[in-house]
Amino acid sequence: ASSSSSLRSARRCEHPGSPLVASSMRTRSRRAALIGGAHATSLSHFRTPVFAAAGARRCMQRSFRAAAPAEAAAPPAAGASKGGVAYDLAIEAKWQAHWEAHRTFATRRREGKQKKYVLDMFPYPSGAGLHVGHPEGYTASDIMARYWRMRDYDVLHPMGWDSFGLPAEQHAMNTGTHPEVTTKENIANFKRQLRSLGFSYDWERELATTDVGYVKWTQWIFLKLFEQGLAFQDEKPVNWCAGLGTVLANEEIIDGLSERGGFPVERKPLRQWVLKITALADRLAAELDGLDWPEGTMTMQRSWIGRSEGAEIAFATEGGGEDVRVFTTRADTLMGATYVVVAPEHPLARRVGESDSAVAKYIAETASKSDLDRTSAKAKSGVPAGESVVHPLTGERLPVWVADYVIGSPGTGGGMAGAGP
């Protein structure tokens, strides 16, 4: 796999003697030496024509010098010669069998040794098998796992399967095949493909999220959250797809339709179990400090936690109904508020929609949009609710609008704004 990658990189260059090729040879050679380096015990565990340091270096350099233009490229057959270098694919099977027989990558715990946990994202085992993005990411983490073993660390590098998913359920409904059958078949195919790539996983630590033993502990965790008052039932707006019979994430909806099957999706309230992460928001945010993570990852985590400091302002409705509550981080802008906006899911909007056809139509149109579509749209839309609220400081009457860029959950489902000059 490494030598093929090197050949492909070389073909992208116009001339094999270019600086880019020379640089690529040095980089690829160092990577080959890194991947083919010694385990905690012996280099012989990794010694193959592709990955044995010096041999791989010479092999790759000769391959670069003899590289053909991209349009002439074709994958070499087993045992074929490319640019004067023969490579027998049987070598891969030989050494992979050796690694398995000698438990080369089994996780060992030695007293006094430092340890590293190199974890990949577990793939969903679809019927299509691996795509090119899987080995791209897995190669990088495998390099790190091998690197830390070479540094004499005890390394845990497992692989598993995120095996609950709509495709298996849909396939079961369409064919009558039990999802357990297709899931196990797909896992076996994924495992075969991954093993053929020679990644250094500890397959003795393999797990699937559909395993009874795994589900047992997810349920145990839920019970502990429930006992602490962190899990409760509430009615929340969700993306409901009747065609699939389930709730979808925002990322699974394209133009109001489910990504899988193209079924209509509507926004509707549903009673469900909710985890009260807000109770842990301060602790979660504080414990990010000091972590050696990329800034982009830290920003995403803080955004997910969603902790913000501000004030909740109550606008009394003229009819004496429930107040419209607005959370803002800029309470100092209250004096500039000239109107109030509520989400289509807000109780006030739903109440008005029962007698106002324009509001009812707008709510129905919004129901086919995901939160992501609503908040990312550059053009903002809304309809007048035909009601007013009272400014808490001036007593002035402020009109209420229903707008889809305001999200009903999380938050209060209300906002305030000021008209421009």
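What you see is a predicted model; the values in this text were computed from it and never measured.

Assigned secondary structure in the protein consists of 13 helices and 17 strands. Of all 421 residues assigned to the protein, the portion counted as buried reaches 35%.

Below, the discussion takes up the packing of aromatic side chains. Under the defined criterion, the tally for this structure stands at 12 aromatic pairs. A ring pair is formed by Y138 and Y201, whose centres lie 6.5 Å apart and whose planes are at 85°; its orientation type is edge-to-face. A residue pair is termed long-range when its members are at least 10 positions apart, and Y138 in helix 5 (residues 133-150) and Y201 in the loop between helix 7 (179-196) and strand 6 (207-208) qualify at 63 residues. You can call Y201 buried: its relative accessible area is 3%. Measuring from ring centre to ring centre gives 4.7 Å for W148 and Y153, while their planes differ by 65°; the resulting arrangement is edge-to-face. Accessibility expressed as a relative area gives 17% for W148, which makes it buried. The buried category is assigned to Y153, whose relative accessible area is 14%. Each member of the aromatic cluster is reached from another via a ring pair, and the members are Y138, W161, F190, F199, Y201 and W203.

In this section: unusual backbone geometry. Of note in this structure, R103 is not a glycine but carries a positive phi near 50°. Within the chain, D255 stands out as a residue other than glycine whose phi angle is a positive 50°. Note that D255 resides in the loop between strand 9 (253-254) and strand 10 (257-258). According to the relative accessible area criterion, D255 is exposed, its value standing at 74%.

Time to look at the sheet that holds strand 15 (residues 383-390). The pairing of strands in a sheet happens through backbone hydrogen bonds and is either parallel or antiparallel. Read from one edge of the open sheet, 6 strands run 13-12-15-16-14-17, paired in mixed fashion. Since the sheet does not close on itself, it has two edges, and those belong to strand 13 (324-328) and strand 17 (414-417), each with one partner. Geometrically, the sheet is characterised by an average inter-axis angle of 40° between neighbouring strands, direction not taken into account. Pairing between strand 14 (residues 339-342) and strand 17: 4 bridges, direction antiparallel. Looking across to strand 17, one finds that V340 is bridged to M416. Packed on one face of the sheet, helix 12 (residues 357-366) meets strand 15 and strand 16 (397-402) and runs near 110° to strand 15.

Cut-offs and rules
Residues numbered from 1 in each chain as written. Predicted model: local features only at pLDDT ≥ 70, side-chain atom pairs only at ≥ 80, totals over all residues. Heavy atoms only, no water. Helix = DSSP H or I, 4+ residues; strand = E, 2+ residues; numbered from the N terminus. Buried < 20%, exposed > 50% of the residue type's maximum accessible area, 1.4 Å probe, protein only. Phe/Tyr/Trp six-rings, centres within 6.5 Å; stacked < 30°, edge-to-face > 60°. Pairing = 2+ DSSP bridges. Axes fitted to C-alpha atoms, helices over the stretch in contact; angles between N-to-C directions. Contact = heavy atoms within 4.5 Å.

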